[in-house]
Amino acid sequence: MTEIQAGASRGPAVSQPDGLLTTKLFLPRTPPGFVFRPRLVDRLDEGSTRDLVLVCAPAGFGKTALLADWSQRGQRPVAWLSLDAADNDPVRFWRHVGAALDRVRPGISKRVGPLLARPSPTSLDGFVSALINELVDHPDPVVLVLDDYHVIETEPVHSSLLFLLEHLPPGLQLVLASRADPPLPLARLRGRGKLAELRTFELRFTDAEAAALLRQAVDQDLGDDVVAALSARTEGWAAGLQLAALSLQGQSDTARFVTTFSGSHRYVLDYLTTEVLERQPEQVRTFLLDTSVLDRLCGELCDAVTGRTDSQSMLESIERANLFLVPLDEVRGWWRYHQLFADLLRTRLQMQQPQRVPELHRNAAAWCEEHGLADDAFRHALGAGDARWAARLVEQNADALHLRSEGATLKRWLGALPVEVAESLPRLSLVQARLALLTGHVEQVEDLLDAAERVWTTAADEPYEPSVGRPASVYTHVPAMVAASRAFLAELRGDAETTTAFASRALDLLGEDDWMLQSLARAHLAIAEWLRGRLSEAEHGFAARLAGWRAAGESALVAWGSHHLGQIQRAQGRPDAALETYGETLELATPRGRPALPAAGAARVGMAEVYYLRGELDSALRYVSEGIPLCRRLTYTQPLANGLAVLAWIHYATGNAAGALDAIAEAEQIGPSPQVAELLNPVPAKHARLLLAQGDIAAATRWAEERGLSADDTPTYPREPAYLVLARVLIADGAADRALSLLARLQDDAKGRLGSLVEIQVLRALALASLGDQASAIVVLAEALTLAYSRGYVSVFVDEGSAMRGLLGRLLAGRPEQQALLGDVPVDYLTRLVRASDVASVRRDPTRNQSTATASGLVVALSDRELEVLRLLAAGKRNQEIADELYVTRDTVKKHITHILDKLGAATRTQAATRARELGLLS
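All residue numbers refer to positions counted from 1 along the written sequence of the respective chain. Totals for whole chains, interfaces and linings use all residues, but because this is a predicted model, local features are given only for residues with pLDDT of at least 70 and pairs of side-chain atoms are given and counted only at 80 or more. Excluding hydrogens and water, the side-chain values take into account all heavy atoms of the structure.

## A short note on the overall build of the protein
Convention followed: Each helix is a run of H or I in the DSSP string that is no shorter than four residues. Each strand is a run of E no shorter than two, and both are numbered from the N terminus. Exposure categories follow from relative accessible area, calculated using a 1.4 Å probe and restricted to protein chains: below 20% of the type maximum is buried, above 50% is exposed, and the middle band is partly exposed. Contact criterion: two residues are considered in contact whenever any of their non-hydrogen atoms come within 4.5 Å of each other. For the accessible areas, the method is Shrake-Rupley and the probe is 1.4 Å, while residue cover comes only from the protein chains on display.
In terms of regular secondary structure, the protein is built from 48 helices and seven strands. By residue count, 57% of the 923 residues in the protein fall in the buried class. Taking the intrachain contacts of the protein between residues at least 6 apart in sequence as the baseline, contacts between residues at least 24 apart amount to 68%. Counting every atom, the protein has about 37,100 Å² of accessible surface; 50% of that belongs to carbon and sulfur.

So, in structure tokens, the structure goes:
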């Protein structure tokens, strides 16, 4: 197989503009003295038909060298990726995987790479799906090798890799080299014959292999007893044998050396490393120790760290001396030390010259910062003990990380900083506050903003200049950003007045040229109008902001803006306007010939909500299924939470109760904290309502109590979703009179909000029916239908279950004076609601009779005995005659007839028979 060629020229080819490290993509060369091991190559070849090959053993067992040799000898193209700790960022991990595959499938990274555009995703399924589709279109064999997979510790990377493994395209084989078992379902894969494994036992050198290795290293034949002793003492450990071979060089008494060679792997490594180091010239030992602070080495970087001018030649001579220096490219530009060797060098440096360690890290940090290696610069700044420098690096690179969707890296950096340092820089506090606000985790936001404001006002911060070549940061205007962030926080808490106050203050602090920050502040003012229930003003304000963001191509802001504008329009009872808003966003976020942007996810979720509202479950499911993977890439988590909540209710409506609970639980986990007002985060209320719909009144009651809700409260619009759930709890708990009182107050507050009024009237009708006032219930229900029919609302009625189905049936089969209440509402609309309720009833309870269906597909949930009673009733039999024929009491017959009338929506026996014939229940 042809080796993958290096793309870099000789010298320190550092990070590309997009942050990729090309040195990680080179197929490693087999090291000097490498021993060909055909038995292991054969084992790997035998595993070529398996989906996954796992080479798993402790450090130093030759995993990388073996796979590199196998890759070079094989016929299939190999995409190689050497992993490091920074690849725990899932975006970074998959960008490097895409780049590795691009070297054997040119163009693939360009086609799927845009899916990893900002903002930072919380799931990579969308990208992995696109990658799979690309490989399906080009099914030629290819091997993807992920070396050193044990450095990966983050669940998002593991779960996205499992997604790839579970949907592995034809021709692709995955090979993992790791020191420990990865958290993948290995037992299941093993049982299905999809896993090939090479483990420590197989990787141990045989006596023959050990003899070949030692012979090459010491350039002499060693006796069988010497080889056997060293092989036994090292337990076939490749690193131990290599170190033993180095120590054997120059030994006059080989037998004596072998007899004193003993201990555990770590002891052997410590002993032999000491022997190797002590045999090196002073300048080589010094160079090895000084450069041990580096993860990757190149000549220029080593010069900067050590103060030398000949590091390139020194590195080349160390490589020739086989001092555990591993090349990372084909042109001797970058190397790394063997990890165990590096560990011991660092330990020795710390023991011998602890005062020199900070200086070496400081030199490395300065060089890495100058050359755009931000992650390395950050690590070395911390290693130098200069946390404030590290904090500055976070400030300076926060925007770039957001632009590359590497939010996990930003969080990792923030987590590594001491709290006192993080709080000493106002812009750093703002970075943390921004992340918290976008995810709705508001608990510590106020403290962060207080810290930013306190430090700023005491003039502890010097002037800030954005780095050359990146956009001016929103953190430049600290006082204005603090005010805007406080507006955002107040908004999430449902406090309209405080939101307005802080958003206005932000505007006063901003200049006329600060268009972006001004637009954000004005958007917060629009949300304050929404919180007040002034929907027209809110819509106008948001529409203006959204138009500007679309024109500027700010897709992340478009996602946030269209999400809220669509909600406002739906609250107005204008679902068609909401669909238009989402459609415009979808057009912007789905550029022709390119993958959809994350903003398209928010738009698709919004469209799914509208289609669910209208009872179009197939369309709702299609849009939410397309939207959720894209929303996982949004930093703003509310659209994703809403999408999962819609999915939960679709599952419930189609009879998948377990799936509904799983989806709503994930929605609550991803969504904001309980401090966020229900209007902006309706997911918890939807969860409680789902529990209630599934009959768990106790759980819904506990939820209402935990939220501090009372039927005697004066409800506010920001908390309306919660109070509507409370009304349902009261009705279910036999306190319909208290529910009516609460609903009256909600109705008074809801003037002009048609979406709220429909739901309130639906609940009023149910409360009245629960109290036995059927006539009033029918009147109120007719009012709700009059408001709802022209908007096509369906789920607001169907989701209320059998009680609402009974009311709808009575109205459909009611007396002329009752049907006159419907006014212009067509009977077809009412019939559609009844039929949808019937279908939903059976889907939600699969134990009910499903044997009878009308030609139109309607299933009527009549029991077998009720069907018998219905047939006799239609034949003109009296109650006693029916009782005699069925051998039951007359009272039992009367109960059956009552149930039949209720389920068919009929007022009389004659109407029931007529309705049953219409539905095909009677011949």
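## As for the pairing of strand 1 (residues 52-56)
Rules: When DSSP finds two or more bridges between two strands, those strands count as paired.
Burial analysis of strand 1 places five of its five residues in the buried class, which makes it a mostly covered element. What you see with strand 1 is no split at all: Leu 52, Leu 54 and Cys 56 on one side and Val 53 and Val 55 on the other are buried throughout. One ladder, built from five bridges, connects strand 1 with strand 4 (residues 172-178); its direction is parallel. From the neighbouring strand, Leu 52 faces strand 4, where its bridge partner is Leu 174. Alignment of strand 1 against strand 5 (residues 195-199), held across five bridges, turns out to be parallel. Its bridge partner being in strand 5, Leu 52 is matched across the sheet by Leu 195.

## Details of the nonpolar core
Formally: To qualify as a nonpolar core, a set must consist of buried Ala, Val, Leu, Ile, Met, Phe, Trp, Tyr and Cys residues joined through side-chain atoms within 4.5 Å.
One finds Leu 781, Leu 785, Phe 797, Leu 807 and Leu 808 to be the most contacted residues of the largest nonpolar core, which totals 61 residues. It is helix 39 (residues 754-770) that contributes the most residues to this core, 11 residues altogether. For Leu 808, the contacting residues outside a window of four places in its chain are Leu 781, Leu 785, Phe 797, Leu 830, Leu 833, Val 834 and Ser 837. Counting 56 residues, the second largest nonpolar core, distinct from the first, contains Leu 328, Ala 342, Leu 345 and Ala 365.

## A closer look at helix 27 (residues 515-531)
Keep this limit in mind: Working rule for helices: expected span equals 1.5 Å times residues minus one.
Taking 1.5 Å per residue, 17 residues should reach 24 Å; helix 27 reaches 24 Å between its end C-alpha atoms and fits that length. Along helix 27, the residues classified as buried are Leu 517, Gln 518, Ser 519, Ala 521, Ala 523, His 524, Ala 526, Ile 527, Ala 528, Glu 529, Trp 530 and Leu 531. Looking at the buried positions of helix 27, the neighbouring elements they touch are helix 25 (478-492), helix 26 (496-509), helix 28 (535-552) and helix 29 (555-571). Taken from the residues just after helix 27, Gly 533 is the one with a positive phi, measuring 85°.

## Re the pattern of salt bridges
Where charged atoms of side chains with opposite charge meet at close range, the side chains can pair. Under the convention used in this document: Each salt bridge in this description consists of a side-chain nitrogen of Lys or Arg and a carboxyl oxygen of Asp or Glu lying within 4 Å of one another.
Within this structure, the stated rule accounts for 46 salt bridges. Between Arg 199 and Asp 181 there is a salt bridge; the shortest N-O distance is 2.8 Å. Highlighted residues: Arg 199 in strand 5 and Asp 181 in the loop between strand 4 and helix 7 (186-191), separated in sequence by 18 residues. For Arg 199, a relative accessible area of 25% gives the class partly exposed.

## Digging into the packing of aromatic side chains
The description of two aromatic rings rests on the distance between their centres and on the angle between their planes. Put simply, the test is: Centres within 6.5 Å make a pair out of two Phe, Tyr or Trp rings, where for Trp the six-membered ring is used; the pair is then stacked when the planes are under 30 degrees apart, edge-to-face when over 60, and tilted otherwise. Only when the NZ atom of a Lys or the CZ atom of an Arg is both within 6 Å of the ring centre and within 35 degrees of the ring normal do we say a charge sits over the ring.
Applying the stated criterion across every chain, the model contains nine aromatic pairs. Between Trp 549 and Trp 560, the aromatic rings sit 5.8 Å apart at their centres with planes inclined by 40°, giving tilted as the arrangement. In this pair, Trp 549 is assigned in helix 28 and Trp 560 in helix 29, connecting sequence segments 11 residues apart. A residue is classified by how much of its surface remains accessible, and Trp 560, at 6% relative accessible area, is buried. An aromatic cluster is built from Phe 488, Phe 542, Trp 549 and Trp 560, whose rings are joined through pairwise contacts. For Arg 37, the ring lying beneath its charged end belongs to Phe 205, and the centroid distance is 3.8 Å. Against the face of Phe 36 rests Arg 73, its NZ or CZ located 3.7 Å from the ring centre.

## So, the pairing of strand 3 (residues 142-147)
So the rule is basically this: Look down the strands so they point away from you; if going from the first strand over the helix to the second traces a clockwise path, that crossover is right-handed.
In terms of burial, strand 3 is a largely internal element, six of the six residues being buried. Relative to strand 4, strand 3 runs parallel, the two being bridged by five bridges. Bridge pairing links Leu 144 to Leu 174 in strand 4. Note on the crossover from strand 3 through helix 6 (residues 155-166) to strand 4: the handedness is right-handed.

## With respect to the sheet that holds strand 4
Put simply, the rule reads: To obtain each axis, a line is fitted to C-alpha atoms, and for helices this fit is confined to the stretch in contact; angles are then taken between N-to-C directions over 0 to 180 degrees.
Across the sheet, which stays open at both edges, the five strands sit in the order 2-3-4-1-5 with parallel pairing between neighbours. The strands lining the two open edges of the sheet, one partner per strand, are strand 2 (78-82) and strand 5. The average angle at which neighbouring strand axes cross in this sheet is 15°, direction not considered. Contacts from helix 3 (residues 90-102) reach strand 2 and strand 3, with the element oriented near 150° to strand 2.

## Thoughts on the packing of helix 26 against helix 27
The criterion, for reference: Every angle not falling under 35 degrees, over 145, or within 65 to 115 is termed oblique; those three ranges are roughly parallel, roughly antiparallel and roughly perpendicular. What makes a crossing left-handed is the near helix being turned counterclockwise from the far one by less than a right angle; a clockwise turn instead makes it right-handed.
Their axes nearest at 9 Å, the elements helix 26 and helix 27 cross at an angle of 160°. The angle between helix 26 and helix 27 places the two elements in the roughly antiparallel class. In this structure, helix 26 meets helix 27 at a crossing whose hand is left-handed. Facing Ala 496, Thr 499, Thr 500, Ala 503, Ser 504, Ala 506 and Leu 507 of helix 26, the residues of helix 27 in contact are Gln 518, Ala 521, Arg 522, His 524, Leu 525, Ala 528 and Leu 531.

## A few points about the confidence of the model for the protein
As a reminder of what qualifies: Every residue is assigned a pLDDT by the predictor, reflecting its confidence on a scale from 0 to 100.
Residue-level pLDDT values for the protein average 84, and 87% of them are 70 or greater. Here residues 1-15 is modelled with pLDDT under 50, and outside its nearest four sequence neighbours on either side it reaches 48 contacts, counting other chains as well. Contacts of residues 847-860 to residues separated by more than four positions or lying in other chains number 34 contacts, the stretch itself having pLDDT below 50.

## A look at the side chain of Asp 376
If you trace the backbone, Asp 376 turns up in helix 19 (residues 374-383). Asp 376 has contacts with Arg 296 and Cys 368, leaving out every residue within four places of it along the chain.

## Considerations on helix 3
To be explicit about the condition: A 3.5 Å cut-off defines polar contacts: any pair of N or O atoms within that distance qualifies, except that in protein one atom must be a possible hydrogen donor and the other a possible acceptor, and neighbouring residues in sequence count only when both atoms are side-chain atoms.
The terminal C-alpha atoms of helix 3, which comprises 13 residues, lie 18 Å apart, in line with the 18 Å expected from a rise of 1.5 Å per residue. Here helix 3 lies mainly inside the structure; 12 of its 13 residues are buried. The opening residue of helix 3 is Asp 89, an N-cap whose side-chain oxygen sits 3.0 Å from the backbone nitrogen of Val 91.

## Focus: the side chain of Arg 486
For Arg 486, the location among the structural elements is in helix 25. Using a relative accessible area of 9% as the deciding quantity, one classes Arg 486 as buried. There is a polar contact of 3.1 Å between the side chain of Arg 486 and the side chain of Glu 453. Here Arg 486 is in contact with Glu 446, Leu 449, Asp 450, Glu 453 and Phe 502, once residues within four sequence places are set aside.

## Concerning the packing of helix 15 (residues 299-306) against helix 16 (residues 311-320)
For the pair helix 15 and helix 16, interaxial distance at closest approach is 8 Å and the crossing angle is 110°. Classified by the angle between their axes, helix 15 and helix 16 sit roughly perpendicular to one another. Considering only the axes of helix 15 and helix 16, their crossing is right-handed. Facing helix 15, whose interface residues are Gly 299, Cys 302, Asp 303 and Thr 306, helix 16 presents Ser 311, Gln 312 and Leu 315.

## As for the environment of Ala 775
On the secondary structure map, Ala 775 appears in helix 40 (residues 774-788). In the structure, Ala 775 is positioned 36 residues away from Leu 811 in sequence and 9.9 Å away in space, judged by C-alpha atoms.

## Quick word on the environment of Ser 82
On the secondary structure map, Ser 82 appears in strand 2. In this structure the C-alpha to C-alpha distance between Ser 82 and Leu 27, which are 55 residues apart in sequence, comes to 8.7 Å. The contacts of Ser 82, once residues within four sequence positions are left out, are Lys 24, Asp 87 and Asp 147. In this structure the side chain of Ser 82 is engaged in a polar contact, spanning 3.0 Å, whose partner is the side chain of Trp 80.

## Observations regarding unusual backbone geometry
Despite not being glycine, Asp 148 shows a phi value in the positive range, around 60°. Of the residues examined, Asp 148 reaches a relative accessible area of 9% and is grouped as buried.

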